[in-house]
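# Remarks on the overall topology
What follows is each chain in one-letter form.
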Amino acid sequence: MNYEELLRDIDNYKDTMTDSERMAAYFKGELVDRIPYKLIGPDVSAPLYGYSIGEFRRSLDVQCEVMDKLESEFGFGGIDVSLGLKAIGEAVGSTLEYPEDGMDFLSEYALDDYAKLDSMEIANPYKDGRLPAMLEKIKYMKKRYPQKSISTGVAGPVTTAAAIRKPENVLRDVIKNKERLHQLIDFGVKSSLAWVEAVCKEVGPVAVSISDPVGSLSLINVKQFEEFSKPHLKELVDGIIKITGKPPTIHICGKTKGIWKHVAEIGVSMWSIDNIEDIEEAKAEIGDMVAISGNVPPVEVMKYGTIDDVINSVKECLIKGSDSPKGYVLYSGCQVPLGTPRENILAFIYAGKKYGRGAQIGKLCQGLDGEKLSETSISEVSLSEVSLSE
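The model shown is predicted, which means the values in this text are computed figures rather than measured ones.

Counted by the stated rule, this structure contains 29 salt bridges. Taking the shortest distance from any N to any O, the salt bridge between Lys230 and Glu265 comes out at 2.4 Å. Of the two residues, Lys230 is situated in helix α11 (residues 222–244) and Glu265 in the loop between α12 (260–264) and β8 (270–273); the sequence distance between them amounts to 35 residues. You can call Lys230 buried: its relative accessible area is 18%. Accessibility expressed as a relative area gives 48% for Glu265, which makes it partly exposed. Among the ionic contacts, a cluster of salt bridges with common partners joins Asp15, Asp19, Arg22, Asp33, Arg34 and Lys353.

Following this line, the structure appears as structure tokens:
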């Protein structure tokens, strides 16, 4: 399918429900117009509308313009003001750099010596780092878009620790400095909960997501996850539920199969699975415990694939995951990167609407009637087959 054909055919698949109506009805077990899906955030979308990441970062007006255009062009609504993976680290003394045309990164870490931890204070959302500005942003967005849902996100326990102390040192501490590492992780959890509490104080209860890439089995093993991540992740989840009244969702990049059940049993509402794992295996192992989400490859398919690659990948994910017992949300395997083509975003939406028609928990989407997996599965696509030079 070419872009012109895509633009013509997508008009045949109109939404008949709003996002909030669809999500509420779907998770009540009702039949809805199409599978719920989400894909790309405003920050990485800014270049689609002629703005640099720096321009987007500095101007609330630009952020609102990009959000409005995303909703108008693609139907992506809602407001998400997430801390990202590094904001707590910056708030307690790490140095965060902001490239004009790229995503932020840490250049220095606050905790080079554990002796400093004893005098460090829990991050204060009203005075530390960029947290106050982000809090003001949420208040501004709530006032400007009173009818829209607001969500926020925090980094997971081990990932927050790795924004305060160098990641390689954190991974070393897993073996050589266990007691102090537990203290650091607990410090990060309390800081994240302080953020969630401040947000809810200012704008009311919000949905919360957790991202914890450093808690992946690509970096630690299952035993280490059980010892260092799981108890603190449970503390974070329980704290979020206590503050907001609802369980958070979670995404962990990379390999996670060995901890699927560990995470599902701590009380999250949805488990977002990286594309390195098989969504059908996740459905079989934890689909009766928690809703699952995923997992169109963000790099090799969304950024570097063709329109047909995206459509086939979405279809495969729906075939494998849409009948999950506790529910399924179509999503990418991880964050969609900068430079993802407009036509591929539209192809994702098109496929979600076409093949995701008639969605209901525990059943394959009606739009999949007669559809089969392609001979070459997306899981067989190798990064070596695409150029990653950009």
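Within the local environment of Lys230, its side chain forms a polar contact with the side chain of His262, the two groups lying 3.0 Å apart. Here Glu265 takes part through its side chain, which lies 2.4 Å from a polar atom of the side chain of Lys230. When near neighbours in sequence (up to four residues on either side) are disregarded, Lys230 contacts Phe225, His262, Glu265 and Ile266.

The next thing to look at is the UniProt feature "domain: Uroporphyrinogen decarboxylase (URO-D)" (unreviewed entry) in the chain. The positions UniProt marks with the feature "domain: Uroporphyrinogen decarboxylase (URO-D)" (unreviewed entry) are residues 19–355. A distance of 17 Å separates the end C-alpha atoms of residues 19–355, which is 50% helix and 12% strand.

What follows is about the packing of aromatic side chains. In total, this model carries 5 aromatic pairs according to the counting rule given. Ring geometry for Tyr26 against Phe27: centres 5.0 Å apart, planes inclined by 85°, an arrangement best described as edge-to-face. Take Tyr26: its relative accessible area is 0%, and that puts it in the buried class. Members of the aromatic cluster, each reached through a chain of ring pairs, are Tyr37, Phe74, Phe76 and Phe348. When the ring centre of Tyr37 is taken as origin, the NZ or CZ atom of Arg34, which lies over that ring, is 3.8 Å away. Taking NZ or CZ as reference, Lys148 lies 4.4 Å from the ring centre of Tyr145, over its face.

Once that is clear, we can look at the pairing of strand β10 (residues 328–332). Within β10, 5 of the 5 residues are buried, leaving the element largely enclosed by the surrounding structure. The two faces of β10 match: Tyr328, Leu330 and Ser332 on one face and Val329 and Tyr331 on the other face are all buried. In the sheet, strand β9 (residues 291–296) pairs with β10 via 5 bridges, with the strands oriented parallel. Residue pairing across strands places Gly294 opposite Leu330, the latter belonging to β10.

Turning our attention to a negative patch on the surface. Residues Glu4, Glu5, Asp308 and Asp309 make up a contiguous surface patch of negative charge. Here Asp308 lies in helix α15 (residues 307–321). Residue classification places Asp308 among the partly exposed positions, given a relative accessible area of 34%.

Right, let's talk about the pairing of β9 for a bit. Counting buried residues along β9, 6 of its 6 residues qualify, which places the element largely inside the surrounding structure. Where β8 lies against β9, 3 bridges are found, and the strand directions are parallel. The residue bridging Trp271 from the neighbouring strand is Ile292, located in β9. A crossover connection joins β8 to the parallel β9 through helix α13 (residues 279–286); in handedness this β-α-β unit is right-handed.

About the criteria used
- Residues numbered from 1 in each chain as written.
- Predicted model: local features only at pLDDT ≥ 70, side-chain atom pairs only at ≥ 80, totals over all residues.
- Heavy atoms only, no water.
- Salt bridge = Lys/Arg side-chain N within 4 Å of Asp/Glu carboxyl O.
- Helix = DSSP H or I, 4+ residues; strand = E, 2+ residues; numbered from the N terminus.
- Buried < 20%, exposed > 50% of the residue type's maximum accessible area, 1.4 Å probe, protein only.
- Polar contact = N/O pair within 3.5 Å; in protein donor to acceptor, adjacent residues only side chain to side chain.
- Contact = heavy atoms within 4.5 Å.
- UniProt positions renumbered as here; feature names shortened; annotations may be inferred.
- Phe/Tyr/Trp six-rings, centres within 6.5 Å; stacked < 30°, edge-to-face > 60°.
- Lys NZ or Arg CZ within 6 Å of the ring centre and 35° of its normal.
- Pairing = 2+ DSSP bridges.
- Patch = residues over 30% accessible without salt bridge, like charges linked within 9 Å, V, L, I, M, F, W, Y side chains within 5 Å.
- Areas by Shrake-Rupley, 256 points an atom, 1.4 Å probe, with all protein chains shown as cover.
- Lys, Arg positive; Asp, Glu negative; His and termini not counted.
- Charge placed at Lys NZ, Arg CZ, Asp CG, Glu CD.
- Right-handed = clockwise from strand over helix to strand, strands pointing away.

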